[in-house]
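# Structure at a glance
Each chain, written out:
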Amino acid sequence: GENVEQHPSTLSVQEGDSAVIKCTYSDSASNYFPWYKQELGKGPQLIIDIRSNVGEKKDQRIAVTLNKTAKHFSLHITETQPEDSAVYFCAASKGSNYQLIWGAGTKLIIKP
Amino acid sequence: NAGVTQTPKFRVLKTGQSMTLLCAQDMNHEYMYWYRQDPGMGLRLIHYSVGEGTTAKGEVPDGYNVSRLKKQNFLLGLESAAPSQTSVYFCASSPPLAKQETQYFGPGTRLLVL
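To start, this report covers the structure provided alongside it. Owing to the predicted nature of the structure, the values given are computational and were not obtained by experimental measurement. (Residues numbered from 1 in each chain as written. Chains lettered and ligands numbered in written order. Predicted model: local features only at pLDDT ≥ 70, side-chain atom pairs only at ≥ 80, totals over all residues. Heavy atoms only, no water.)

### Thoughts on the pattern of salt bridges
Residue and element names in this part refer to chain A.
- Enumeration over the complete set of coordinates arrives at seven salt bridges over all chains.
- With a shortest N-O distance of 2.9 Å, D49 and K57 are connected by a salt bridge.
- The class for D49 is buried, based on a relative accessible area of 9%.
- Judged by relative accessible area, K57 falls into the partly exposed class, the value being 36%. (Salt bridge = Lys/Arg side-chain N within 4 Å of Asp/Glu carboxyl O. Buried < 20%, exposed > 50% of the residue type's maximum accessible area, 1.4 Å probe, protein only.)

This is the structure we're talking about:
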């Protein structure tokens, strides 16, 4: 079946450095790719998303890139800050459906 | 707007007991979802609803039932709880039309089945 693979499972970076999280999806029909941030004890919250007709999207320190040919997309966080510490999830739409297929998550640790 | 709320926040059950988790949203969203989150496995869809009075199975529906009698509420039921259902349960909702893939999550319900 369709799946989304996410790497790494844990990422530790120095405050101020950049962090990159990568996801690979299997469903060729997927056309929507959101990224969610989950802080401890809370539900996931959308931080950025991209659709298949766009290769890159930026929002301040966060950017997402999409390579449809290779079926992978990445989250880039620049100038990391302590408040960026959280679990990040990628997801891909299930074909033309409104359901999402989720990656397993990446725990991002920002070291002071 | 309160967004998506979930009741209760935490519950302990004994094997075989039943319970209902309540999800409510005040954003007039059409679509609602129930997920479970287990360590290292991300989010897995249990059931979902595309509108009042309709429900459908997701990836892991066994042992759960749902109802959507009112547009703003989505109930998840466990008829006979099992230890394998120990998890954190999240409800989400999304608006119709062009933004239907964007899901808004509640704070979660932590369930422990002994």
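### A word on the pairing of strand 6 (residues 54-57) of chain B
All names here are of chain B.
- Pairing of strand 5 (residues 43-51) with strand 6, which is carried by three bridges, proceeds in the antiparallel orientation. Residue pairing in the sheet places Y48 in a bridge with A56 of strand 6.
- Counted along the chain from strand 5 to the antiparallel partner strand 6, the turn is two residues long, and its residue G53 has a positive phi close to 85 degrees. (Pairing = 2+ DSSP bridges. Helix = DSSP H or I, 4+ residues; strand = E, 2+ residues; numbered from the N terminus.)

### A short note on the side chain of K37(A)
Residue and element names in this part refer to chain A.
- You can see K37 is positioned in strand 4 (residues 32-38).
- Taking relative accessible area as the criterion, K37 reaches 15% and is therefore assigned buried.
- Only 2.8 Å separates the side chain of K37 from the backbone oxygen of E83, close enough to count as a polar contact.
- Apart from the residues within four sequence positions on either side, K37 is in contact with G43, P44, Q45, I47, E83, D84, A86, V87 and Y88. (Polar contact = N/O pair within 3.5 Å; in protein donor to acceptor, adjacent residues only side chain to side chain. Contact = heavy atoms within 4.5 Å.)

### Examining the state of the cysteines
Residues and elements named next belong to chain A.
- Taken as a whole, this structure holds two disulfides over all chains when the rule is applied.
- A disulfide bridge connects C23 with C90, and the sulfur atoms are separated by 1.9 Å. Taking the sign of the torsion about the S-S bond as the criterion, the disulfide between C23 and C90, at about -100 degrees, is left-handed. Of this pair, C23 sits in strand 3 (residues 19-25) while C90 sits in strand 9 (residues 86-93), placing them 67 residues apart in sequence.
- Take C23: its relative accessible area is 0%, and that puts it in the buried class. (Disulfide = S-S within 2.5 Å.)

### Some details on the packing of aromatic side chains
Residues and elements named next belong to chain A.
- A complete count under the given rule lists 13 aromatic pairs over all chains for this structure.
- Ring geometry for F89 against W102: centres 6.4 Å apart, planes inclined by 85 degrees, an arrangement best described as edge-to-face. With a gap of 13 residues between them, F89 in strand 9 and W102 in strand 10 (residues 100-102) connect regions that are remote in the sequence. Accessibility classification places F89 together with W102 in one group, the buried group. (Phe/Tyr/Trp six-rings, centres within 6.5 Å; stacked < 30°, edge-to-face > 60°.)

### What about the sheet that holds strand 8 (residues 72-77) of chain A?
All names here are of chain A.
- The strand order 1-3-8-7-6 describes an open sheet built from five strands, whose pairing is antiparallel. Among the strands making up the open sheet, the edge pair consists of strand 1 (4-7) and strand 6 (56-59). Taken over all neighbouring pairs, the strand axes of this sheet differ in orientation by 15 degrees on average, direction set aside.
- Both strand 3 and strand 8 contribute to a ladder of six bridges, which runs antiparallel. Each residue of the ladder has a partner; that of K22, found in strand 8, is S74. (Axes fitted to C-alpha atoms, helices over the stretch in contact; angles between N-to-C directions.)

### Some points on the environment of K42(A)
- Relative to the assigned elements, K42(A) resides in the loop between strand 4 and strand 5 (45-51).
- On the accessibility criterion, K42(A) (46% relative accessible area) is partly exposed.
- Ignoring anything within four residues of it in the chain, the contact list for K42(A) reads F90(B) and P107(B).

### Concerning the sheet that holds strand 1 (residues 4-7) of chain B
All names here are of chain B.
- The four strands are arranged 1-3-8-7 in an open sheet whose pairing can be described as antiparallel. Both edges of this open sheet fall to strand 1 and strand 7 (65-67), since each of them pairs with a single strand only. In this sheet, adjacent strand axes meet at a mean angle of 20 degrees when their direction is disregarded.
- Here four bridges tie strand 1 to strand 3 (residues 19-25), and the two strands are oriented antiparallel to one another.

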